[in-house]
Amino acid sequence: MSVLGTLTRRLGHHAWFGATMRLLVPADRMVGRLTRGRVVALGLIPSLVITTTGRRSGKPRSNPLLYVPDGDAYVVIGSNWGQQHQPGWAMNLLADPAAEVDLKGRRVAVRAEVATGGERDRLWRLLVTEWPAYRTYVERAGDREIRIFRLVPTGGPVGDAPA
């Protein structure tokens, strides 16, 4: 891991870090789109771009997310930087679990599964190993349930990722 990546993981616990990163999400989306998912989160942490279907609008909604691999699946968490409300993308997945991820220049169709019980505990350990600040986000989120999703590929790549 790079020195900058290590520093980023340490700073992730601070409230100002989450607030700053929320402001940078639109720029991160644009960089991810322009690089076809090859550069997300400045390449500091393992990231993908998920595209869900808006539960109210029906339109595609894309968001950069940290992920950890789990076999051939991708694990993501609806931490929302520890905010008190659920992230929109997580609500979209609950309404329609079909999504796509852009990862390293590949677009893959996935189906989201909400992790529960022992499976959730196992995936939580994977996530906090990659991003220890998730523990802090749980404290900040209060009583809100922070959902963990396992994104399971449903087939091969979905054509070329858009420019």
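Higher on the page you've got the structure.
This section reports on the structure supplied with the text. None of the values given here were measured: they were computed from a predicted structure.

**Topic: unusual backbone geometry**
Most peptide bonds take the trans configuration, and most residues that are not glycine carry a negative phi. A positive phi angle, close to 55 degrees, is found at N80, a residue other than glycine. For N80, the position within the fold is in the loop between β4 (73-77) and α3 (88-95). Classification of N80 by relative accessible area gives buried; the value is 15%. Even without being glycine, W81 reaches a positive phi, approximately 60 degrees.

**Description of the nonpolar core**
Among the nonpolar cores identified, the biggest contains 17 residues, and L48, I50, Y74, L93, V101, F149 and L151 are the most heavily contacted of them. Of all the elements in the fold, those that place two or more residues in this core are β1 (47-53), β4, α3, β5 (98-103), β6 (106-114) and β7 (148-160). Beyond its immediate chain neighbours, meaning those up to four positions away, V101 contacts L48, V49, I50, Y74, R106, R107, V108, V110 and L151. W124, A133, A141 and I146 belong to the second largest nonpolar core, which has 16 residues in total.

**Some thoughts on the side chain of N92**
Considering the arrangement of structural elements, one finds N92 in helix α3. Exposure remark for N92: the relative accessible area of 5% places this residue in the buried category. Apart from residues lying up to four places away in sequence, N92 is in contact with T52, T53, G54, R55 and R61.

**Here we look at the packing of aromatic side chains**
For the coordinates displayed, the defined rule picks out 4 aromatic pairs. Among the aromatic residues, those joined into a cluster by ring pairs are W81, Y134 and Y137.

**Regarding helix α4 (residues 117-130)**
Helix length check: α4, at 14 residues, gives a terminal C-alpha distance of 21 Å against a target of 20 Å (1.5 Å per residue), a fit within 8%. Among all positions in α4, only L123, W124, L127, V128 and E130 are buried. Down the axis of α4, the buried side of the element spans an arc of 145 degrees, and every buried residue falls inside it. Pointing more than 90 degrees away from the buried face of α4 are the exposed residues G118, R125 and T129.

The rules behind each value
- Residues numbered from 1 in each chain as written.
- Predicted model: local features only at pLDDT ≥ 70, side-chain atom pairs only at ≥ 80, totals over all residues.
- Heavy atoms only, no water.
- Helix = DSSP H or I, 4+ residues; strand = E, 2+ residues; numbered from the N terminus.
- Buried < 20%, exposed > 50% of the residue type's maximum accessible area, 1.4 Å probe, protein only.
- Core = buried A, V, L, I, M, F, W, Y, C linked by side-chain atoms within 4.5 Å.
- Contact = heavy atoms within 4.5 Å.
- Phe/Tyr/Trp six-rings, centres within 6.5 Å; stacked < 30°, edge-to-face > 60°.
- Expected span 1.5 Å × (residues − 1).
- Arc of directions from axis to C-beta.

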